[in-house]
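Listed here are the chains, written in short residue letters.
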Amino acid sequence: MGSLSSPMQKRVLLFLLVSLTILFLVLFSGFGRTEHYVKPWKKLLDRYSPNVIDNNKPEQKGESMKYKWIHKKNYLPNYFTKRLDKDDLVKWPHNDVYRNGTMVFVHNQKSGGTTTKNCLRKFMNPPPILAANPNADEFYTLMLSQGAHQDLARAYIGDSTFGICDFTNKPCSYFTFLRDPYERSVSSYNMCNILTLQKLPRPLCIARNATEMSVNDWAKHQGSFFFRQLLANPIFLTKSFSPMVDILRTPEDPSTEKMPAWWKNELILSHLMSEKDKLMALDYVLDHLEEWFAVIGLTSDYATSMALIEEVYDLPFQSECGGDVANKRPYTLIGQSSHLSKEDIANQMVAKLYSDMTVKEALRYDMEIYRKAKDIFRRQKLQFEKERMK
């Protein structure tokens, strides 16, 4: 028997070590591959996520900086509830700050957003600028290249707009419409069924084939859509993160080039954030929702919502566009029995979602936001009515 230090045994030992190392990397390739790609992206996140928390301020000290981009740095607070002193006499910021500043509509899909976008296009000149799934890459590549002190346009619209106000230090405000997440999921499911059967692709519908899924699976697939909109980092939507998306995508997903921005955002956030992280982020969102949005509308009370938005921006939202929500599609799917009314079909689907605990978990973040939004809406409406009576 030769000694352990013989050349032959050294080569055998080295071969075994290399083989075991390769085997380990193959078995755990997802882990190793992910770590390889995350490091350069962390540098990008640091570069494009300025520290907007002032630790000298008691109300901000100690707030987590793990996901710095979540902390917005420039926005006008709720017009009705957040700018009154205790005596209800002094309003600050002044009305004109909202009306002369940049307005940003955050389009939460299937919540009356098409009507609102069409309304803005109807009476705004120049028309509002789109920042949405089809052009998010080009839009934010340009915005990120121009820095944080830009002179923004008068208005922006789309589903990829939250965060635009961070690119300026001038007055800028957000507004949105929200809808019960269960009802929104049903509406989204039926719309995507119809459009898929008609071969009319939409960004909301192409990450999965709705015609091959149950409404419950569709609700879980789309999940808490608005929550993710509020957590999106603009750089996620650019080609800078395409290599990461290439790694994270599954065989079911579209190619990275054809993948809609909202699904890229979902893949990246799901990879970066644990459930604990998401719950912490949800607490932060709930604490700041009323500060981030100058006004929040509800699809369930569309006419009042348009009147509130008209009051904030002094634009004819309610007077010219306060009717029914546009882009309504029948709930009856192609090939489906029509002996039930569309309301009955929708109610059956919503009831089916409510009975599924896995759906409840998927929608929990948006449900918490919606509950908060309903309370904000109630107080907005009370203040609006109080001021009209003066």
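Residues numbered from 1 in each chain as written. Predicted model: local features only at pLDDT ≥ 70, side-chain atom pairs only at ≥ 80, totals over all residues. Heavy atoms only, no water.

K.L.:
I'd love a proper account of the packing of helix α6 (residues 181-197) against helix α15 (residues 357-388), names of residues and values included.
P.N.:
It is the contact of α6 with α15, at a shortest axis distance of 9 Å, that shows an interaxial angle of 120°. Relative to α15, α6 is oriented oblique. Judged by residue contacts, Pro-181, Tyr-182, Arg-184 and Ser-185 of α6 engage Val-359, Lys-360, Leu-363, Asp-366, Met-367 and Tyr-370 from α15. (Axes fitted to C-alpha atoms, helices over the stretch in contact; angles between N-to-C directions. Helix = DSSP H or I, 4+ residues; strand = E, 2+ residues; numbered from the N terminus. Parallel < 35°, antiparallel > 145°, perpendicular 65-115°, else oblique. Contact = heavy atoms within 4.5 Å.)

K.L.:
Describe the packing of aromatic side chains, with residues and values.
P.N.:
Tallying each qualifying case throughout the model produces 24 aromatic pairs. With 6.0 Å between their ring centres and 80° between their planes, Phe-80 and Phe-384 make a pair best called edge-to-face. Note that Phe-80 is positioned in the loop between α2 (29-47) and α3 (95-100) and Phe-384 in helix α15, a separation of 304 residues in sequence. Under the relative-accessibility criterion, Phe-80 is labelled buried at 2%. Look at Phe-384 and you get buried, because its relative accessible area is 8%. Relative to Trp-262, the ring of Phe-225 has its centre 5.2 Å away and its plane inclined at 40°; by these criteria the two rings are tilted. On the criterion of sequence distance, the pair formed by Phe-225 in helix α8 (residues 225-231) and Trp-262 in helix α10 (residues 261-272) is long-range, its members being 37 residues apart. When its relative accessible area of 8% is taken as the criterion, Trp-262 is described as buried. One aromatic cluster is present, built from ring pairs that chain together Phe-162, Tyr-174, Phe-226, Tyr-284, Trp-292 and Phe-293. For Arg-364, the ring lying beneath its charged end belongs to Tyr-365, and the centroid distance is 5.5 Å. (Phe/Tyr/Trp six-rings, centres within 6.5 Å; stacked < 30°, edge-to-face > 60°. Buried < 20%, exposed > 50% of the residue type's maximum accessible area, 1.4 Å probe, protein only. Lys NZ or Arg CZ within 6 Å of the ring centre and 35° of its normal.)

K.L.:
For the nonpolar core, give the residues involved together with the corresponding values.
P.N.:
Core analysis: the biggest nonpolar cluster contains 103 residues, and Phe-293, Tyr-313, Phe-317 and Ile-369 have the highest contact counts within it. Here this core gets 10 residues from one element, more than from any other, and that element is α15. With sequence-adjacent residues up to four places away left out, Phe-317 is seen in contact with Met-103, Thr-116, Cys-119, Leu-120, Phe-123, Phe-175, Met-306, Ile-309, Glu-310 and Gly-322. (Core = buried A, V, L, I, M, F, W, Y, C linked by side-chain atoms within 4.5 Å.)

K.L.:
Before we move on, could you go through the state of the cysteines and cite the residues and values that matter?
P.N.:
In a disulfide, the sulfur atoms of two cysteines are held together by a covalent bond. Evaluation of the coordinates by the stated rule reveals 3 disulfides. At a sulfur-sulfur separation of 2.1 Å, the disulfide partner of Cys-119 is Cys-321. Here Cys-119 and Cys-321 share a disulfide; its torsion about the S-S bond, 85°, makes the bridge right-handed. In this pair, Cys-119 sits in helix α4 (residues 113-123) while Cys-321 sits in helix α13 (residues 317-321), placing the two residues 202 residues apart along the sequence. Across this residue pair, the class does not change: Cys-119 and Cys-321 are buried. Note that Cys-192 is cross-linked by a disulfide to Cys-205, the S-S spacing being 2.1 Å. Between Cys-192 and Cys-205, the disulfide has an S-S torsion of -75° and is therefore left-handed. (Disulfide = S-S within 2.5 Å.)

K.L.:
So what's going on with the sheet that holds strand β2 (residues 129-130)? Residues and values would help.
P.N.:
Spatially, β2-β3-β1-β4-β5 is the arrangement adopted by the 5 strands of the open sheet, whose pairing is parallel. Two strands lie at the open edges of the sheet, namely β2 and β5 (293-298), each paired on one side alone. Bridge analysis of strand β1 (residues 102-106) against strand β3 (residues 155-158) gives 4 bridges, and the strand direction is parallel. Each residue of the ladder has a partner; that of Val-106, found in β3, is Gly-158. Relative to the sheet, α15 contacts β4 (172-178) and β5, its axis offset from that of β5 by approximately 100°. (Pairing = 2+ DSSP bridges.)

By themselves, these are just geometric observations and shouldn't be taken as functional.
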